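The residues making up each chain are set out below.
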Amino acid sequence: LLQFTSWAVFRKVFNKKTAFYIVLLLSSSYSFYWFQANMVPASLVIIFSILIYYLIEKRKFVSASILLALSLYTHSGLSSTIILSLIVYAILRKEKIKIISKTIFLSILLFLPWLLHFFQNLEFLSVGNQANFIEWKLHLLLLFFAVGGIFYCIKLKKEMFIPLSYALAMVPFLFLYP
């Protein structure tokens, strides 16, 4: 589902060739498939995040807000990363500040009932260390391509700020998530 959503959205935002390469990159890792199969709420949020960016580009902030609120209900940790990536995207593309601000505000407003419940029961929540079973490795080749991709996105600007802002927002999530 993630590969199909990625292909359909990125085909419209970029072009068919770029969408194909994105899906090829997503499909190249077995551990990514394993993660998607075992982390269903996180997978759904990742799919929603692609659609949220697409809806923001199409200036449909109500639909983007509803999907962001659904993401917050589904997996609040990863959804906060999406909110951070939207803020980074708004900083990089000044013309999107208004629509992104409205999207985030409306989604938090829609999430408010659960947020109040969340804070009322904070002492019963435990984040623990659920990620112990995942073996993390830093591959130099992957790091090389990631840094190259960041510079490439900065060079191309506009819509290429989407993956750049998403990647920058993932950095704290990568180191702080249990």
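Details of the structure are given in the entry above.
The shown structure was predicted, so the numbers you read here are calculated from the model rather than taken from an experiment.

A look at the overall build of the chain
A count of helical and extended segments in the chain gives nine helices and zero strands. Ordered by position from the N terminus, the helices and strands of the chain form the series α-α-α-α-α-α-α-α-α. Residues classed as buried in the chain amount to 34% of the 178 residues present. Across the chain, the fraction of contacts at a sequence separation of at least 24, relative to all contacts at a separation of at least 6, is 69%. Total accessible area on the chain stands at roughly 11,500 Å², and carbon and sulfur atoms take up 73% of it.

Topic: the nonpolar core
Counting residues in each nonpolar core, the largest one holds 34 residues, and the members touching the most others are Ile52, Ile56, Leu68, Leu86 and Ile100. Looking at this core, the elements with two or more residues in it are α1 (2–13), α4 (40–57), α5 (61–74), α6 (76–92), α7 (97–120) and α9 (161–176). Excluding residues within four positions of it along the chain, Ile56 makes contact with Ala64, Leu86, Lys96, Ile99, Ile100 and Thr103.

Analysis parameters
For every chain, the first residue of the written sequence is number 1, and numbering continues from 1 onward in sequence order. Local features are withheld for residues below a pLDDT of 70 in this predicted model, meaning they are given only at 70 or higher, and side-chain atom pairs are given and counted only at 80 or more; totals for whole chains, interfaces and linings count all residues. The side-chain figures draw on all heavy atoms in the structure; neither hydrogens nor water molecules are used. Helical segments are the DSSP runs of H or I of at least four residues, strand segments are the runs of E of at least two, and each set is numbered from the N terminus. Only protein chains enter the area calculation, which uses a 1.4 Å probe; residues under 20% of their type maximum are buried, those over 50% are exposed, and those in between are partly exposed. Pairs of residues are marked as contacts when any of their non-hydrogen atoms sit within 4.5 Å. Surface exposure here means Shrake-Rupley accessible area, sampled with a 1.4 Å probe, where a residue is shielded only by the protein chains that are shown. By nonpolar core is meant a set of buried Ala, Val, Leu, Ile, Met, Phe, Trp, Tyr and Cys residues that side-chain atoms within 4.5 Å join together.

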